[in-house]
Amino acid sequence: MFSEISRASVPKPEAIRSIIEQVKDCWIEGKGDTLASLFTPDGELIVPGYRWKGKDAIRQAAADFAKNTASVKIEIHQIIIEGSHAAVEWYWEDTAVTGQKNPADDAIVLDFVGNKIKRLREYIDTQTPKTQSNKG
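This structure is a prediction, so every number in the text was calculated from the model and none was measured.

Peer 1: Looking at this structure, how should I read the pairing of strand β1 (residues 39–47)?
Peer 2: In summary, the side chains of a regular strand alternate between the two faces of the sheet. Judged by how many residues are buried, β1 sits mostly within the fold: seven of nine residues are covered. Bridging between β1 and strand β6 (residues 116–125) involves four bridges; their strand directions are parallel. Considered in β6, the bridge of Leu45 is made with Leu120. Pairing of β1 with strand β2 (residues 50–53), which is carried by four bridges, proceeds in the antiparallel orientation. What sits directly across from Val47, in β2, is Tyr50. In this structure, the hairpin formed by β1 and β2 is closed by a connection of two residues, where Gly49 is found at a positive phi of approximately 90°.

Structure below.
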């Protein structure tokens, strides 16, 4: 059974959806400071091959990404929420400053403490989007 403290630390589904939309907007708009503010002080951002822990590291990772990226397009396909956890499926496409487009189908798992992200782990599929145009 949840104690009052535990119940208070579980965000409402509407809050989780709002935070996920904010994460999406931060990547699109290149707002590393705002992205970092969505995490707990010891929050983690994990993508294949990389792990950043703490707001400063997350802010720097987002800033470094934005420096090398001309644009980002994200389309959320679905959000599944269970207590203080969420799973997101979205289509991501960034265009590097060189003009190279990088499409990916992503699955993201998030853990929340209150209304902050404790851990965001992204699983990136870069192969499927490249083959979708070849379907009959």
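There's more to say after this.
Peer 1: What should I look at first to understand the sheet that holds strand β3 (residues 69–82) in this one?
Peer 2: Note: strands within a sheet are paired through backbone hydrogen bonds, in either parallel or antiparallel orientation. Spatially, six strands are ordered β2-β1-β6-β5-β4-β3 in an open sheet, and the strand pairing comes out mixed. Either end of the sheet is taken by a strand with one partner, and the two such strands are β2 and β3. Going across the sheet, the axis of each strand differs from the next one's by a mean of 15°, ignoring polarity. Set on the sheet, helix α2 (residues 13–29) makes contact with β1, β3, β4 (85–96), β5 (101–113) and β6; between it and β3 the angle comes to about 165°. Across the sheet, helix α4 (residues 55–67) touches β1, β2, β3 and β4, and the angle it forms with β1 is around 45°.

Peer 1: Sorry, what's going on with the side chain of Thr69 here?
Peer 2: In this structure, Thr69 sits in strand β3. On the basis of relative accessible area, Thr69 is assigned to the buried category, the value being 14%. For Thr69, the side chain forms a polar contact with the main-chain oxygen of Phe65, separated by 2.7 Å.

Peer 1: Is there a simple way to think about the pattern of salt bridges in this case?
Peer 2: Opposite charge on two side chains permits them to pair, given that their charged atoms come into close proximity. Across all of its chains, the model carries 10 salt bridges by this definition. For Lys31, the salt bridge is made with Glu29, and the minimal N-O distance between the two is 3.0 Å. Between Asp64 and Lys67 there is a salt bridge, with the nearest N and O atoms lying 3.5 Å from each other. Here Asp64 and its partner Lys67 are both found in helix α4, three residues apart, which amounts to about one turn of the helix. Through salt bridges with shared partners, a single ionic network connects Asp33, Asp56 and Arg59.

Rules used in this analysis
- Throughout this document, residue positions are counted from 1 along each chain, in the order its sequence is written.
- In keeping with the predicted nature of the model, local features appear solely for residues at pLDDT of at least 70, side-chain atom pairs appear and are counted solely at 80 or more, and the whole-chain, interface and lining totals rest on all residues.
- Note that the side-chain values use all heavy atoms of the structure and ignore hydrogens as well as water.
- The classification of residues rests on relative accessible area computed with a 1.4 Å probe and restricted to protein chains. Under 20% of the type maximum is buried, over 50% is exposed, and intermediate values are partly exposed.
- Numbering of helices and strands starts at the N terminus; helices are DSSP runs of H or I of at least 4 residues and strands are runs of E of at least 2.
- Only strands joined by at least two bridges in the DSSP assignment are considered to pair.
- Angles run from 0 to 180 degrees between N-to-C directions of axes, and those axes are lines fitted to C-alpha atoms, restricted for helices to the stretch in contact.
- Here a residue-residue contact requires only that any non-hydrogen atoms of the pair lie within 4.5 Å.
- Throughout this description, a polar contact denotes any pair of N or O atoms lying within 3.5 Å of each other; where both atoms belong to protein, one of them has to be capable of donating a hydrogen while the other can accept it, and for residues adjacent in sequence the pair is counted only when both atoms sit in side chains.
- Salt bridge criterion: a side-chain nitrogen from Lys or Arg within 4 Å of a carboxyl oxygen from Asp or Glu.

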